[in-house]
Structures are given as C-alpha cells and as structure tokens.
Amino acid sequence: MSAVETLEKLAIDVNATWEDLTEKQRQEIEMLKASAKVMNLFMTVTDPDSPEEEPVDAPDKES
Amino acid sequence: MNNNKGSLVCVGPGMTLGAHISQRCRHHIESADVVFTSCHPIMEDWIATMNPDVRSLQGMYGENKDRRITYQEMHEAIMAEIRAGKRVVGAFYGHPGVFAKVPHQAIAQARKEGFNAHMEPGISAEDCLYADMGIDPGTYGCQHFEASQYMFYNHIINPYSYVILWQIALAGDLSISKRVSSAAERQVLVDMLLEHYTPEHKVGLYECPSLITDAVRMDWIELKDLATAELNPVTTMVIPPGKKLLKNEQIVAQLAAINQI
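Here the structure is a predicted model, which means the values were calculated and not measured. (Residues numbered from 1 in each chain as written. Chains lettered and ligands numbered in written order. Predicted model: local features only at pLDDT ≥ 70, side-chain atom pairs only at ≥ 80, totals over all residues.)

J.: How should the overall build of chain B be read in this particular structure?
T.: The secondary structure content of chain B amounts to nine helices and 10 strands. Projected onto its principal axes, the C-alpha coordinates of chain B cover approximately 60 × 55 × 35 Å. Of all 261 residues assigned to chain B, the portion counted as buried reaches 41%. (Helix = DSSP H or I, 4+ residues; strand = E, 2+ residues; numbered from the N terminus. Buried ≥ 20, exposed ≤ 12 C-beta atoms within 10 Å, placed from the backbone.)

Right, here's the structure in full:
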C-alpha cells in the first residue's frame, strides 16, 4: 500500500489512528510530506482597480 | 447546444485527503477524459490514482506572478480541452465554488459556448471551521469577506454577527502577486477593525489540515496583535461578535400585533 493509500485509509476509518500504523508506514508518510511541494492556495483575487461585476438578479443556472 | 461533446464538471474533493470526498465527486473524476486539479500536492497525487489523465494547474502559479494571469492560463487550459470535445473535470480543493474564480468563470464560458457545464458542491474550509470551532452561523449570523476586498471596498461589517475574513495572509496586497502581505499592510486592516472592536477582542486563526495526520490550527489572539501574528496562505480569520444582539422592539411589536400576541 502506498503512503497516499495509507493516508486515504486512515482518513476513512474512524477507528484507525496514527498509532495503528507500522513504523514503515509512518516513515513513508513523513517522507511523502517532506517531499511535497508547497501548495498555491489562493484561488480568488480582489482587483483594487476593478470591482466585481454587478450581481445579477437571476444567476445563470442550467435547468 | 453545441454539437461538440465537450463538457465540464467542477468538483471539490474537500479539504482533507480521503475524509471529505463524495462518491459523486470521485465518480466524476474517474469518468472524465481529462482532470485538471488545483489542490494540495499530495491530494493531487491521490487524485492521480483515480484517472490516467490528471493535470495539475499548480504549475501556473509563479513567484511574483500576477495571479490574474495564472487564473487566465488555468481558464484557457480547461477551455481548450472542452473545445476539443473532452469530458473535462476540474477538481479544486475544498468546494470548487467558494473563493475560487476559475471554476465559476470556466463554467460560465463553457455554457456561453453551448457546452454542458455545472458545479458539484464540496466540503469547504468554512464547513470544517464550523465543525472544528463549534460555531453555528445561525446563532448570530455570519459574514464572509475576502480580507483584501474588505479593505479595498466599502463593505459594512456587522459587529453583532460572526465575521470571517478569508485569505487573511494576503490582507492589503495591492500587487496580487505575493504569498503573504506585510505587517504594515495588516496593521491597516487592524486599524479598520478597531472601529468596530476593542484591541483586546479575541479573534481566531484557523487552519484545516490537508492530511488526516496533521493537526487543526485554532489559535486565539487579541485583535491588536494580528499584524505580527503568524499567518499562512491557508489561514482563515474568525471574528466573533463584538456586540450583543439588540432586540428590534418596533418590529417585534409590529409582528405581535399581526398575530395579536
């Protein structure tokens, strides 16, 4: 089982804890975290020179 | 409707890998011809196990690069595959439509060009915050603002309700290209908030973990210390009510008269 799969399993199983993992599994997770790139999180921006478009009365919802 | 079979669904696998993804979200990812992702890199690795063609949009960010350019590049990458007739899924961390421009704009553009496009909800940082901090937005009401938008434009804060400021680490950044703003820029925000709250008013700094093995961050500080507090791109700021709710006697009396209470 890969470290990612171990993380998924740990997230799903509410009865499982970090202590239930083998030493190897814990090390693999730590190595995976250490090697992961930094996440770019910001998905929105406020432009100080251009406010958002006027809100519409009827948002374009697909029927 | 466009006869080209291209389509778009924007989904959200949630905040924590494995814990929040819905069955529909996973099935959309598995069924797609191509999946674009913008998530924690380990979550992207995980999504890559669900479909043979998963492409990260994270590489479009750049040091000191205007994020409006990044979002336009993301948009164009997504639209190119839709126009090529692909069944496209965009997987954006948390909820794809909460404080995320690209999914909404891509859906709008796809529909404009006659393609089927829609969004599926996901678990956002807001949802995790309510659960972890024991906050019910219905108790006193809850306002949400992008921190810089609150600073740049004339929003009206309601100090009787919760106020949540998103992207707090970027508060006051006019360049739209930084990862974090400066203490001086944040002090401007503090000074704005001091019009409504005392310097000692406790505000929460919240971070939801991307991995189940990591801890939730819930730090309470005094508002006056915000400028120098440790803020990360993932930090969300929670401002509890600063004033007690006041009964609107006139309206209550008016309603009582209607029902002759």
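Past the structure itself, the notes keep going.
J.: For this particular structure, what's the right way to read the confidence of the model for chain B?
T.: For any part of a model where pLDDT is low, the fine detail of the predicted coordinates should not be relied upon. When the pLDDT values of chain B are averaged, the result is 95; 99% of them are 70 or greater. Here the predicted complex carries an ipTM of 0.87, next to a pTM of 0.91. (pLDDT = per-residue confidence, 0-100.)

J.: Just to check I follow, could you spell out the domain arrangement of chain B for this structure?
T.: Often, the extent of an interface is quoted as the loss of accessible area upon association of its parts. Residues and elements named next belong to chain B. Assigned domains of chain B: these are domain 1 (7–119) and domain 2 (125–239). Between the C-alpha centres of domain 1 and domain 2 the distance comes to 26 Å. Each partner contributes to the interface: domain 1 provides 16 residues, whereas domain 2 provides 12 residues. Looking at the side of domain 1 that touches domain 2, the elements with two or more residues in it are α2 (41–47) and α3 (67–83). Residue composition of the side of domain 1 that touches domain 2, grouped by class: seven nonpolar, five polar and four charged. (Domains from an automatic or database assignment. Contact = placed C-beta atoms within 7 Å. Nonpolar A, V, L, I, M, F, W, Y, C, P; charged D, E, K, R; others polar.)

J.: What is the right way to look at the UniProt feature "domain: Tetrapyrrole methylase" (unreviewed entry) in chain B in this model?
T.: The positions UniProt marks with the feature "domain: Tetrapyrrole methylase" (unreviewed entry) are residues 8–147 of chain B. Along residues 8–147 of chain B the backbone is 42% helical and 19% strand, and the end-to-end C-alpha distance reaches 30 Å. (UniProt positions renumbered as here; feature names shortened; annotations may be inferred.)

J.: Honestly, unusual backbone geometry in this entry has me stumped. Any pointers?
T.: In most cases, non-glycine residues show a negative phi, while peptide bonds are predominantly trans. All names here are of chain B. Residue Asn 64 is not a glycine yet carries a positive backbone phi of 60°. Tracing the chain through its elements places Asn 64 in the loop between β3 (54–56) and α3. Even without being a glycine, Gln 167 presents a positive backbone phi close to 55°. Topologically, Gln 167 is positioned in the loop between β7 (162–166) and α8 (183–193).

J.: Please clarify how the sheet that holds strand β8 (residues 202–207) of chain B should be interpreted in this entry.
T.: Where strands meet in a sheet, backbone hydrogen bonds hold them as pairs that are either parallel or antiparallel. Residues and elements named next belong to chain B. In space, the five strands of this open sheet follow the order β6-β7-β10-β8-β9, with mixed pairing throughout. The two strands at the open ends of the sheet, each matched to only one other strand, are β6 (142–146) and β9 (217–222). On average, adjacent strands in this sheet sit at an angle of 20° to one another, irrespective of strand direction. Summarising the sheet, β8 and β9 pair through six bridges and their orientation is antiparallel. Residue pairing for β9: Leu 205 is matched across the bridge by Asp 219. Packed onto the sheet, helix α5 (residues 125–133) meets β8, β9 and β10 (236–239) and runs at close to 50° relative to β10. (Pairing = 2+ DSSP bridges. Axes fitted to C-alpha atoms, helices over the stretch in contact; angles between N-to-C directions.)

J.: Can you help me understand the interface of chain A and chain B in this one?
T.: Taken together, the contact pairs 24 residues of chain A with 37 residues of chain B. For the side of chain A that touches chain B, the elements supplying multiple residues, two or more each, are α1 (3–12) and α2 (23–35) of chain A. With six residues, the single largest contributor to the side of chain A that touches chain B is α1 of chain A.

J.: Help me out: how do you make sense of the pairing of strand β1 (residues 7–11) of chain B in this one?
T.: Regular strands show a simple pattern: their side chains alternate between the two faces of the sheet. Residue and element names in this part refer to chain B. With respect to burial, β1 is a largely interior element, four of its five residues being buried. Note: β1 against strand β4 (residues 87–92), five bridges, orientation parallel. Along β4, the bridge assignment pairs Val 11 with Ala 91. Alignment of β1 against strand β5 (residues 116–119), held across four bridges, turns out to be parallel. Bridging across to β5, Val 9 finds its partner in His 118.

J.: Can you help me understand the nonpolar core in this one?
T.: It is characteristic of soluble globular proteins that their nonpolar side chains tend to be buried jointly. Ranked by internal contacts, the top residues of the largest apolar core, which has 79 residues, are Leu 8, Ile 29, Val 35, Ile 47 and Ala 147 of chain B. Aside from chain neighbours lying at most four places away, what touches Leu 8 of chain B is Ile 78, Ile 82, Val 88, Gly 90, Ala 106, Ile 107, Ala 110, Phe 115 and Ala 117 of chain B. (Core = buried A, V, L, I, M, F, W, Y, C linked by C-beta atoms within 7 Å.)

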